[in-house]
Amino acid sequence: MILTNEQQALLDGAQGETMAKVVKTLVMYGEAFGAERMVPITSKYGHTVISFGIGVMKPVYALYDALLQAGAVSKQPFSADPRPLDKNIPASPLQNLVFKFMYSQQARYEGQLKALGLMNDQAFTCACYLPEAGNVPQRGEILSWAESSAVVYANSVLGARCNRNSGIIEIMGSIAGFVPEFGLLTDDGRMADWIVEIRTEKLPEAQLLGSAVGMKVLEKVPYVKGLDRWLGKELDDRACAYLKDFGAACASNGSVGLYHIENLTPEAAEQGDALIRPDAPVYIVDDAELERVRSGYPCIWKDMDAKPKLCFVGCPHMTLQQLQDWTVRVEEGLKAAGNRKVCIPTVFTAAPGVIQAFQKTEYARRLEATGVILSDICPLMYMNNPLSKKMPVITSSNKLRTYTSARFYTEDEILSKITKEGR
Amino acid sequence: MRKTFKGRVITPGAAQAEALVSHSGLNTLASYQMALMFGDKQVKCGDQNNPDLYKKPMLGKALCLPETIGSTTGGMVLYTACAMGKQPACMLFSKPIDSLAASGAILAANWTDAKMPVVDCLGEDFLNYVKDGMTITVSEDGTVTAE
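Residues numbered from 1 in each chain as written. Chains lettered and ligands numbered in written order. Predicted model: local features only at pLDDT ≥ 70, side-chain atom pairs only at ≥ 80, totals over all residues. Heavy atoms only, no water.

Considerations on the overall build of chain A
Here comes step 1: Tallying secondary structure elements over chain A gives 19 helices and 13 strands in all.
Here comes step 2: Over its C-alpha atoms chain A spans a radius of gyration of 22 Å, differing by no more than 12% from the 22 Å that the globule rule assigns to 423 residues.
Here comes step 3: The buried share of chain A, taken over its 423 residues, is 62%.
Here comes step 4: Only carbon and sulfur atoms are counted for the fraction: they give 50% of the accessible area of chain A, which is about 16100 Å².
Here comes step 5: The averaged location of the 48 negative side-chain charges in chain A is 8 Å from the averaged location of its 45 positive side-chain charges. (Helix = DSSP H or I, 4+ residues; strand = E, 2+ residues; numbered from the N terminus. Rg over C-alpha atoms; globule rule 2.2 N^0.38 Å. Buried < 20%, exposed > 50% of the residue type's maximum accessible area, 1.4 Å probe, protein only. Areas by Shrake-Rupley, 256 points an atom, 1.4 Å probe, with all protein chains shown as cover. Lys, Arg positive; Asp, Glu negative; His and termini not counted. Charge placed at Lys NZ, Arg CZ, Asp CG, Glu CD.)

Here we look at the interface of chain A and chain B
Here comes step 1: Taken residue by residue, the interface counts 51 residues in chain A and 40 residues in chain B.
Here comes step 2: Here chain A and chain B share an interface that buries about 3600 Å² over both sides, 65% of which is from carbon and sulfur atoms.
Here comes step 3: Among the residues of chain A in contact with chain B, A:Val56, A:Arg164 and A:Tyr403 are the three that bury the most area, contributing 16% of the side total.
Here comes step 4: At the junction of chain A with chain B, the criterion picks out 0 salt bridges.
Here comes step 5: In this structure, the connection of chain A to chain B is made through 18 residue pairs in polar contact (both at pLDDT 80 or more).
Here comes step 6: Secondary structure elements with two or more residues in the side of chain A that touches chain B: helix H2 (17-31), helix H3 (58-69), helix H4 (93-102), helix H7 (169-176), helix H10 (237-253), helix H16 (379-383), helix H17 (386-389) and helix H18 (398-403) of chain A.
Here comes step 7: Ranked by residues supplied to the side of chain A that touches chain B, first place goes to H2(A) with 8 residues. (Contact = heavy atoms within 4.5 Å. Buried area = accessible area lost by both parts, 1.4 Å probe. Salt bridge = Lys/Arg side-chain N within 4 Å of Asp/Glu carboxyl O. Polar contact = N/O pair within 3.5 Å; in protein donor to acceptor, adjacent residues only side chain to side chain.)

Quick look at the side chain of B:Lys61
Here comes step 1: Its location among the elements puts B:Lys61 in the loop between helix H1 (28-37) and strand E5 (62-65).
Here comes step 2: Apart from residues no more than four positions distant in its own chain, B:Lys61 is found in contact with B:Ala17, B:Glu18, B:Leu20, B:Pro88, B:Ala89 and B:Cys90.

So, the sheet that holds strand E7 (residues 260-261) of chain A
Residues and elements named next belong to chain A.
Here comes step 1: Strand order in the open sheet formed by 4 strands is E7-E6-E5-E8, with parallel pairing between adjacent strands. Two strands in the sheet have a free side with no partner beyond their single neighbour: E7 and strand E8 (282-285).
Here comes step 2: Looking at chain direction, strand E5 (residues 194-198) and strand E6 (residues 222-225) are connected through 4 bridges and run parallel. Its bridge partner lying in E6, Ile 195 is registered against Tyr 223. (Pairing = 2+ DSSP bridges.)

Looking at helix H3 (residues 99-111) of chain B
Every α-helix carries 3.6 residues per turn, so stepping three or four residues along brings you back to the same face.
Here comes step 1: Given a rise of 1.5 Å per residue, 13 residues ought to cover 18 Å, and the 18 Å separating the end C-alpha atoms of H3(B) matches this to within 8%.
Here comes step 2: Burial analysis of H3(B) places 12 of its 13 residues in the buried class, which makes it a mostly covered element. (Expected span 1.5 Å × (residues − 1).)

Description of the confidence of the model for chain B
Here comes step 1: For chain B, mean pLDDT is 95; residues scoring 70 or higher make up 100% of the total.
Here comes step 2: Among the scores for the predicted complex, ipTM is 0.94 and pTM is 0.95. (pLDDT = per-residue confidence, 0-100.)

Details of the packing of H3(A) against helix H5 (residues 106-116) of chain A
Residue and element names in this part refer to chain A.
Here comes step 1: The N-to-C vectors of H3 and H5 enclose an angle of 35°; their axes lie 11 Å apart at closest approach. Considering the relative orientation of H3 and H5, their crossing is left-handed. Of H5, the residues touching H3 (which contributes Tyr 61, Tyr 64, Asp 65 and Leu 68) are Arg 108, Tyr 109, Gln 112, Ala 115 and Leu 116.
Here comes step 2: Of the residues belonging to the contact of H3 with H5, the class tally is 6 nonpolar, 1 polar and 2 charged. (Axes fitted to C-alpha atoms, helices over the stretch in contact; angles between N-to-C directions. Left-handed = near helix turned anticlockwise from the far one by under 90°. Nonpolar A, V, L, I, M, F, W, Y, C, P; charged D, E, K, R; others polar.)

Next comes the structure, spelled out in structure tokens:
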């Protein structure tokens, strides 16, 4: 890799041993992917995936202490993934005891984040790219982010450029102010390797389609045809919410960092089929294929007929429009079933900024009346508690399904369960 | 039968260990989170979506896999495993390494004392040939022998 004089000086220790190790780490990272140079980060804000102060992560805290002691802090403010705890989420006394043990380092870690350059006390969400969360990169900007669902959204829907960086590496990029140029930062790396043809009878469930595509293409770039038939050709609130959930499932069920949607996402709308590599294989998705993928999901509940004790909607965090739409759907579902409150304890999760905006609307009071709990936590962090793992928890999130014991249902099924069936 | 493969060195080192093979992508977070969080001494794989590895001990094994997948905490998780001495003996990738596994390996090499050689680009033949329990020997130059 060819470094500038300033970068070489950093590597040689001009700003101390710790900064030299940061740059060496970034150089080795780039060299593993054939990067020939570093490029400056051009976004206003960074984003880190590590937001949780789990006791066992002592090596991470030690590393961050070393960075801080050496004065190696982020050159840009950054947001972080959601906090792990909220006392409003139902939990037994024993579960709460385990949470206290598990996240014993939360205050210490948040102190480290603040010292490293956290945007503000409310900057905790996986959906940092939503306008209410305040970290919206512009098209073409170079990012040093981690959080698979945020990276794939920033690349695909916003047209920014970011690799699927790991936690810690993303902070090191923000500290150095530059990242190695490879993969999704290059024009060639953004070409589509796969064509996905949608031949379903209706708009496929975003979280199911994303799962199918992620499992098929793994880390490759898919170009999806036929989705604009239902989503239209404008990136409106509905389309963006759909793509947020689709991308999160692609990224967690596979490792997709960028997708193109024909006639919709910015690069596909501009370049069309020219974005597709010659001889790209075709993956046809019809209703039977989605059912095949879904039927392959393992479920590790001991009692498959157990009555659900909790329901999570909002992984990744919901948009303002999704909160409003779900409020109406829950109200209508309860009315049709002759119920006043949800039959299963249900939590909707969203960014603090989105919740603040939602609280200013008439929908907030209406959602509260249904019994649904609104929270800004990470459902995954809740499910990491081994006592939560034993609970029958249901979700419409394919990401939550992938990482935890939560059982997946489509949005319509979730709605029916929480408003009518209770099981 | 003994068979030799040549790959690319990501982080150097020599190792000899028993093979543990995943034919699908290793989800690092899902595989390691419970074992690390609750001090499982054998570091059993917690990823229910990976039938090759689920509930099998990963500590000290020669982990043979196509790539890693899933959450971008993956590199941090691998770094933490290495810093705690809970890492595999080596990681051997049939495909070119992915960004999360590379991050974890490079963070471990630069910021911990752990020794975990990582070799990629070993090819599909490697993953087709290697089986659980085989003895794997990794050399500094990226030569991998399975027998």
